[in-house]
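Read off the chains here:
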Amino acid sequence: MTDIPRTPLLLGLAGLVPLLWGALSATMPGLFDIGIETVGPRFMGIYLLNFYGTVLLAFMSGILWGFASRADGPVAGPAYGLSVLPAIWAFLMVGGGPESSIVALIAGYLGLLLLDFFFWKLGLAPGWWLRLRLPLTAIATGCFALPLLL
């Protein structure tokens, strides 16, 4: 990860903090109780995972749109179309209940990783992009999966 620019790396890692907190507070009853008293239910457990995970998926659509804006010719149209898929996925698939929404988010993040690869392979994403996205996606999907597994 040494060739990933410092700012995207630090912001990417910081973006995992709410997901880590959500996973921990969803799986540790004592931590959940302390959190409810201090930060409230909106920032706890599976609710936080669903809410923040959805926001991040839509945010990532915006990043892909930025990559698509670098495309020319016959690749441009499909690139723009693919860039909006994570946001559309989140809009259509998240919200059917806490557990099913978490499953939809896991699928959304794995699909996003495929799109990351597509944009990287076309040279529209930075050369270091997948070295950042692979571990971030692994940690994020692990955070989503943890409450379902325990």
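Attention shifts here to the nonpolar core. Formed by 37 residues in total, the largest nonpolar core has its most connected members in Leu19, Phe119 and Phe144. Counting residues per element, this core draws most heavily on helix α3 (residues 45-68), at nine residues. With residues up to four places along the chain from it excluded, the contact list for phenylalanine 144 reads Leu19, Leu49, Gly53, Ile102, Leu105, Ile106 and Tyr109.

The α-helix winds at 3.6 residues per turn, so residues separated by three or four positions along the chain end up facing the same way. The end-to-end C-alpha distance of helix α7 (residues 129-149) is 30 Å, a good match for the 30 Å that 21 residues give at a rise of 1.5 Å each. Maximal helix bending in α7 amounts to about 25 degrees, located at cysteine 143; proline proline 147 follows within four positions. Among all positions of α7, only Trp129, Leu130, Leu132, Arg133, Leu136, Thr137, Ala140, Thr141, Cys143, Phe144, Ala145 and Pro147 are buried.

In this section: the side chain of aspartate 116. You can see aspartate 116 is positioned in helix α6 (residues 98-121). On the accessibility criterion, aspartate 116 (0% relative accessible area) is buried. Apart from the residues lying within four places of it in its own chain, the contact partners of aspartate 116 are Met60, Leu64, Trp129, Leu130 and Arg133.

Once that is clear, we can look at the layout of surface pockets. Space inside the largest pocket adds up to approximately 370 Å³. Taken together, 18 residues line the largest pocket, and the ones lying closest to its centre are Gly12, Phe59, Met60, Arg133 and Leu136. Broken down by secondary-structure element, the contributors of at least two residues to the lining of the largest pocket are α1 (6-27), α3 and α7. Class assignment for the residues of the lining of the largest pocket results in 13 nonpolar, four polar and one charged.

How each quantity is defined
Chains are numbered independently. Their residues run from 1 in the order of the written sequence. Selection of residues for local features in this predicted model requires a pLDDT of at least 70, selection of side-chain atom pairs for listing and counting requires 80 or more, and totals for whole chains, interfaces and linings are taken over all residues. Water and hydrogen atoms were dropped before computing side-chain values, which therefore reflect all heavy atoms in the structure. Take the buried residues of types Ala, Val, Leu, Ile, Met, Phe, Trp, Tyr and Cys, join any two whose side-chain atoms come within 4.5 Å, and each joined set is a nonpolar core. Buried means the residue's accessible area, taken with a 1.4 Å probe over protein chains only, is under 20% of the maximum for its type, while exposed means over 50%, and partly exposed covers the values in between. Strands are runs of DSSP state E lasting at least two residues, helices are runs of H or I lasting at least four, and both sets are numbered from the N terminus onward. Residues count as neighbours in contact if any of their non-hydrogen atoms are within 4.5 Å of one another. Multiply 1.5 Å by the residue count of a helix minus one, and that product is the helix's expected span. Two axes are fitted around each residue, one to the seven residues ending there and one to the seven starting there, and the angle between them is reported as the bend at that residue. Grid spacing is 1 Å over the protein atoms alone, the probe is 1.4 Å, and a cavity is where that probe fits but cannot get out, while a pocket is an open set with protein on both sides within 12 Å along at least five of seven lines and lining residues have an atom within 4 Å of a point. Grid points are joined across faces, edges and corners, and a volume is the space filled by probe spheres set on the points. Only Asp, Glu, Lys and Arg are considered charged, only Ala, Val, Leu, Ile, Met, Phe, Trp, Tyr, Cys and Pro nonpolar, and every remaining residue, Gly among them, polar.

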